[in-house]
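Per-entry structural report
Each chain, letter by letter, is given below.
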Amino acid sequence: MRKKKHGSADDEAQIDMTPMLDIVFIMLIFFIVTTSFVKETGLMANRPKTPDAPPPPSNARTLAIRIDQNGTIVMDNREVDIRRVVANIQSFLAENNTDSAAIQAHPKTKHGVVVEVMNQAKEAGIDKVSILVKEG
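To keep things clear, this report deals only with the structure shown in the data block. Please read all numbers here as calculations on a predicted model, not as lab measurements.

Reading the values: the criteria
- Residues numbered from 1 in each chain as written.
- Predicted model: local features only at pLDDT ≥ 70, side-chain atom pairs only at ≥ 80, totals over all residues.
- Heavy atoms only, no water.
- Helix = DSSP H or I, 4+ residues; strand = E, 2+ residues; numbered from the N terminus.
- Buried < 20%, exposed > 50% of the residue type's maximum accessible area, 1.4 Å probe, protein only.
- Contact = heavy atoms within 4.5 Å.
- Areas by Shrake-Rupley, 256 points an atom, 1.4 Å probe, with all protein chains shown as cover.
- Salt bridge = Lys/Arg side-chain N within 4 Å of Asp/Glu carboxyl O.
- Arc of directions from axis to C-beta.
- Phe/Tyr/Trp six-rings, centres within 6.5 Å; stacked < 30°, edge-to-face > 60°.
- Pairing = 2+ DSSP bridges.
- Core = buried A, V, L, I, M, F, W, Y, C linked by side-chain atoms within 4.5 Å.
- Axes fitted to C-alpha atoms, helices over the stretch in contact; angles between N-to-C directions.

Considerations on the overall build of the protein chain
Per the secondary structure count, the protein chain includes three helices and five strands. Starting at the N terminus and walking to the C terminus, you meet the elements of the protein chain as α-β-β-β-α-β-α-β. Residues counted as buried form 19% of the 136 residues belonging to the protein chain. In the protein chain, of all internal contacts separated by at least 6 residues, the share reaching a separation of at least 24 is 68%. Carbon and sulfur atoms form 56% of the exposed surface of the protein chain, whose accessible area is close to 12,000 Å².

Some details on the environment of V133
Tracing the backbone through its elements, the reader meets V133 in the segment after β5 (128-132). In the structure, V133 is positioned 28 residues away from A105 in sequence and 7.9 Å away in space, judged by C-alpha atoms.

Considerations on the pattern of salt bridges
What the rule picks out here adds up to two salt bridges. Its salt-bridge partner being D81, residue R83 comes within 2.9 Å of it at the nearest N-O pair. For D81, a relative accessible area of 35% gives the class partly exposed. For the salt bridge of D99 with K128, the shortest nitrogen-to-oxygen distance reads 3.7 Å. Separated by 29 residues along the polypeptide, D99 in the loop between α2 (85-95) and β4 (100-105) and K128 in strand β5 bring together distant segments of the chain.

Some points on α2
Looking at α2, one finds that the buried residues are V85, V86, N88, I89 and F92. Burial along α2 is one-sided: seen end-on, the buried residues are contained in an arc of 165 degrees. Away from the buried face of α2 by more than 90 degrees, exposed residues A94 and E95 are located. Those residues of α2 that are buried lie in contact with β1 (63-67), β2 (73-75), β3 (78-80) and α3 (111-124).

Topic: the packing of aromatic side chains
Applying the stated criterion to the full structure yields one aromatic pair. Aromatic pair F30 and F31: ring centres 5.5 Å apart, planes at 65 degrees, arrangement edge-to-face. F30 sits in the partly exposed class, given a relative accessible area of 48%.

Observations regarding the pairing of β5
Taken together, the five bridges between β4 and β5 define a ladder with parallel strand orientation. By the bridge assignment for β5, A101 is matched with V129.

Quick word on the nonpolar core
Membership of the largest hydrophobic core comes to 18 residues, with the highest contact counts inside it found for L63, I65, I67, I73, M75 and I89. Secondary structure elements with two or more residues in this core: β1, β2, α2, β4 and α3. Among the elements that take part in this core, α3 stands out by supplying five residues, more than any other.

Regarding the sheet that holds β4
Read across the open sheet, the five strands follow the order β3-β2-β1-β4-β5; overall the sheet is mixed. The open sheet is flanked by β3 and β5, the only strands paired with a single partner. Going from strand to strand, the sheet's axes swing by 30 degrees on average, the running direction of each strand aside. As paired elements, β2 and β3 share three bridges and run antiparallel to each other.

Right, dumping it as structure tokens:
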């Protein structure tokens, strides 16, 4: 009998995994690079760049509005109902020549209250509304 020239069962064909691993690594690098360019959206605040801003005119008085953590609004050292903010601002503007207001809210104040006070200040005729934040 003749011997078969074919190899034994141990010499069967094997699959080369190197090209597949190369492709997987290239895809991994591609996904890492593309996800690093995703820009998150958010509210951008324009903060002054230098502390040497010119002071407001001496005769102008800025309206100070404080909001505590319970949503209580205080203007000129007296408590004001949220429905009466516009009327109180208008009476302040009648007595003082100003176009700016500063709102200082407690960190635990609901954002809706702060936004409502900002909207009412704009409605009352104040063009410049500033939000005071604690440096941290």
